[in-house]
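Commentary on secondary and tertiary structure
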Amino acid sequence: MTLIEAARAVRENAHAPYSNFKVGAAIRATSGAVYVGCNVENVAYPEGTCAEAGAIAAMIAAGETRIAEITVIADSPQPVSCCGGCRQKIAEFADGDVVVTMTTVDGLTAQTTVAELLPGSFDAAYMSRA
C-alpha cells in the first residue's frame, strides 16, 4: 500500500462532524513502517487533533522517532497543505530534505520538502543554552 492509499483509507475514519473536512495522513518512518492518522474534531474548537499529529503520535507510540516521508490528503480543490502547528511537529521528527506529499481525493498532487514547508524552523539548537 502506498502512502497515498494509506492516507486515503484512514481519512474515512476522521471525526469531522463540524467542518465536514476529513483529512488523512500517512508517515513512513525510517524503519519503513507506516503510521496513519486522521483529524479528530471536538465541539470545543480548537481542541481537535490534526491528521498529521495523529500519525506522528502513532509513530512515537510505536517507539520510532524519525520520519522518512509523509503524505496528507483531503477533499479540497488543491493539494492540502499542513497547518503551521503540524509543520513544526513534522520538523521535530524529520530532516529538511524529507518529502511531503500533499494531495486531493481527486488525485491532484504536489510535493515539497520539510525545509520548504517550514523555512527557519525553530529547532533544538535554539535551546542549547537552556
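Residues numbered from 1 in each chain as written. Predicted model: local features only at pLDDT ≥ 70, side-chain atom pairs only at ≥ 80, totals over all residues. Heavy atoms only, no water.

1. A look at the nonpolar core
The test is simple: Take the buried Ala, Val, Leu, Ile, Met, Phe, Trp, Tyr and Cys residues and link them wherever side-chain atoms come within 4.5 Å; each set so joined is a nonpolar core. Relative accessible area decides the class of each residue, using a 1.4 Å probe on protein chains only: under 20% of the type maximum gives buried, over 50% gives exposed, and in between gives partly exposed. Labels follow the DSSP assignment, with helices taken as runs of H or I lasting at least four residues and strands as runs of E lasting at least two, numbered in each case from the N terminus.
Ile27, Met59, Ile67, Cys82, Ile90, Val100 and Val114 are the most contacted members of the largest nonpolar core, which has 26 residues in total. Those elements that place two or more of their residues in this core are strand S1 (23-29), helix H2 (51-61), strand S3 (67-74), helix H3 (84-93), strand S4 (94-104) and helix H4 (114-117). Core analysis: the second largest hydrophobic core is formed by five residues, Leu3, Ala6, Ala7 and Ala26 among them.

2. Things to note about unusual backbone geometry
A cis amide bond links tyrosine 45 to the next residue, proline 46, at an omega of 0°. Following the sequence through the fold, proline 46 ends up in the loop between strand S2 (34-38) and H2. In this structure, asparagine 20 is a non-glycine residue whose phi angle is positive, near 60°.

3. Examining the sheet that holds S3
Our working definition: Strand pairing is assigned whenever DSSP identifies at least 2 bridges connecting the two strands. Axis lines are fitted to C-alpha atoms, over the contacting stretch for helices. Their N-to-C directions set the angle, which ranges from 0 to 180 degrees. The contact criterion used throughout is that any non-hydrogen atoms of two residues lie within 4.5 Å.
Strand order in the open sheet formed by five strands is S2-S1-S3-S4-S5, and the pairing between neighbours is mixed. Each edge of the sheet is formed by a strand with only one pairing partner; in this case those strands are S2 and strand S5 (109-113). Strand-to-strand twist in this sheet, taken as the mean axis angle between neighbours without regard to direction, amounts to 15°. The pairing of S4 with S5 spans five bridges and is classified as antiparallel. When the sheet's bridge partners are listed, valine 100 is paired in S5 with threonine 112. In the packing of H2 onto the sheet, the strands contacted are S1, S2 and S3, and the crossing angle to S2 comes to about 140°. The sheet strands contacting H3 are S3 and S4, and the helix crosses S4 at an angle near 135°.

4. Quick notes on H2
Residues spaced three or four apart along an α-helix face the same direction, because each turn holds 3.6 residues. Burial in H2 covers these residues: Ala51, Glu52, Ala53, Ala55, Ile56 and Met59. Of the surrounding secondary structure, the elements contacted by the buried residues of H2 are S1, S2, S3 and H3. Looking at the residues trailing H2, positive phi occurs at glycine 63, about 95°.

5. What about the layout of surface pockets?
A probe matching the size of a water molecule, rolled over the atoms, marks out where space remains unfilled. This is how it is decided: A 1.4 Å probe that fits but cannot get out identifies a cavity on a 1 Å grid over protein atoms alone, an open set with protein on both sides within 12 Å along at least five of seven lines counts as a pocket, and a residue lines either if it has an atom within 4 Å of a point. Grid points are joined across faces, edges and corners, and a volume is the space filled by probe spheres set on the points.
Quantified by volume, the largest pocket comes out at close to 280 Å³. Around the largest pocket sit 20 residues that line it, and Val23, Asn39, Thr49, Cys50 and Ala51 are the ones nearest its centre.

6. What to know about the packing of aromatic side chains
Cut-off, in case you're wondering: Under the pairing criterion, centres of Phe, Tyr and Trp rings, with the six-membered ring standing for Trp, must be within 6.5 Å; the plane angle then separates stacked pairs below 30 degrees from edge-to-face pairs above 60, leaving the rest tilted.
Here the structure, examined in full by the defined rule, presents two aromatic pairs. Taken together, a centroid distance of 6.2 Å and an interplanar angle of 70° make the contact between tyrosine 18 and tyrosine 45 edge-to-face. Here tyrosine 18 is found in the loop between helix H1 (3-11) and S1, whereas its partner tyrosine 45 is found in the loop between S2 and H2, with 27 residues between them in sequence.

7. Some details on a nonpolar patch on the surface
Operational definition: Only residues above 30% relative accessible area that lack a salt bridge enter a patch, with like-charged residues linked at up to 9 Å and the nonpolar side chains Val, Leu, Ile, Met, Phe, Trp and Tyr linked at up to 5 Å. A 1.4 Å probe and the Shrake-Rupley method give the accessible areas. Residues count as covered only by the protein chains that appear here. Salt bridges are defined as contacts in which a side-chain nitrogen from Lys or Arg sits within 4 Å of a carboxyl oxygen from Asp or Glu.
Together, Tyr18, Val43 and Tyr45 line one region of the surface with nonpolar side chains, adding up to about 360 Å² of accessible area. Classification of tyrosine 45 as exposed rests on a relative accessible area of 54%.

8. A few points about the side chain of asparagine 39
Put simply, the test is: Polar contacts here mean pairs of N or O atoms no more than 3.5 Å apart (in protein, one a potential hydrogen donor and the other a potential acceptor; neighbouring residues in sequence count only if both atoms are side-chain atoms).
Note that asparagine 39 resides in the loop between S2 and H2. Within the local environment of asparagine 39, its side chain forms a polar contact with the backbone nitrogen of valine 23, the two atoms lying 2.7 Å apart.

9. Some words on the environment of isoleucine 67
Along the chain, the position of isoleucine 67 falls in strand S3. Under the relative-accessibility criterion, isoleucine 67 is labelled buried at 3%. Along the primary structure isoleucine 67 and valine 98 are separated by 31 residues, whereas in three dimensions their C-alpha atoms are 7.5 Å apart. Those residues in contact with isoleucine 67, other than ones at most four positions away along the chain, are Ile27, Arg28, Ala29, Thr30, Ile56, Met59, Ile90, Phe93, Ala94 and Val98.

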